[in-house]
Structures are given as C-alpha cells and as structure tokens.
Amino acid sequence: MTNNKNVLRVLNGYLELSSAEKMELRKEIDDLVISGVLINDSTNTLKKREISVKMSANLGPTNNNNCKCCGKG
C-alpha cells in the first residue's frame, strides 16, 4: 500500500462512504475521465471551482462535522 498521505486520506474517505455513495463517486470519476477533464488544466480548474461551490452550499444542520477523509472535526 502507498505511503502517500494525500492518497491515504482520500482512500480513508472512500471507505467511509456507503455502498451507494461509492457507486456514485466511481461514476463521477468515470465521467471525468471519459470527458477528458482531468487532462486539461483549464477544464480541471473549472471543475474544481464547480465542486468547491457545491461543497460550500449551506446544507443546513448536520450531526457530524468531521471530515470524511481525515476524521478531523
């Protein structure tokens, strides 16, 4: 297994997902690969911005503020 802390953090977050969430994540990654977004810096930046906007949306109160990837709260 890798010693790359960033990769391990993401893998840990993946393992915290439900089965349905894992399937949704794999579909999103497949869509990014197929569309070529990951190999083009400008579209990669646009996609990062889109993700950031969605992540910063107010989702209302939640019962767990800990990061799914690293577990920090």
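Analysis parameters
- Residues numbered from 1 in each chain as written.
- Predicted model: local features only at pLDDT ≥ 70, side-chain atom pairs only at ≥ 80, totals over all residues.
- Heavy atoms only, no water.
- Helix = DSSP H or I, 4+ residues; strand = E, 2+ residues; numbered from the N terminus.
- Buried < 20%, exposed > 50% of the residue type's maximum accessible area, 1.4 Å probe, protein only.
- Areas by Shrake-Rupley, 256 points an atom, 1.4 Å probe, with all protein chains shown as cover.
- 1 Å grid on protein atoms, 1.4 Å probe; cavity = no way out; pocket = protein on both sides within 12 Å on 5 of 7 lines; lining within 4 Å.
- Points joined across faces, edges and corners; volume = space filled by probe spheres on them.
- Nonpolar A, V, L, I, M, F, W, Y, C, P; charged D, E, K, R; others polar.
- Salt bridge = Lys/Arg side-chain N within 4 Å of Asp/Glu carboxyl O.
- pLDDT = per-residue confidence, 0-100.

A. Structural view of the overall build of the protein chain. Counting its regular elements, the protein chain contains three helices and zero strands. For the protein chain, the sequential pattern of α-helices and β-strands runs α-α-α. For the protein chain, with 73 residues in total, the buried portion stands at 7%. Approximately 6500 Å² of the protein chain is accessible, and the part contributed by carbon and sulfur atoms is 56%.

B. Quick peek at the layout of surface pockets. For the largest pocket, the calculated volume is near 1300 Å³. Considering the residues around the largest pocket, the lining is formed by 25 residues, among which E24, L25, E28, I51 and M55 are closest to the centre. When contributions to the lining of the largest pocket are tallied by element, the ones reaching two or more residues are α1 (5-16), α2 (19-35) and α3 (41-56). With eight residues, the single largest contributor to the lining of the largest pocket is α2. A breakdown of the residues in the lining of the largest pocket according to their chemical character gives 13 nonpolar, three polar and nine charged.

C. Highlighting the pattern of salt bridges. Evaluated as defined, the whole model comprises two salt bridges. In this structure, K47 and E50 form a salt bridge, with 3.1 Å as the shortest nitrogen-oxygen distance. Within this pair, K47 and its partner E50 are both found in helix α3, separated by three residues, close to a single helical turn. On the basis of relative accessible area, K47 is assigned to the partly exposed category, the value being 24%.

D. Layout of the confidence of the model for the protein chain. Of all residues in the protein chain, 85% attain a pLDDT of 70 or more, and the chain-wide mean is 84. Mean pLDDT values for the elements of the protein chain range from 84 in α3 up to 93 in α2.

E. Examining the environment of N6 more closely. Inspection of the secondary structure puts N6 in helix α1. The exposed category is assigned to N6, whose relative accessible area is 52%. Considered as a pair, N6 and C69 are 63 residues apart in the sequence and their alpha carbons are 9.5 Å apart.

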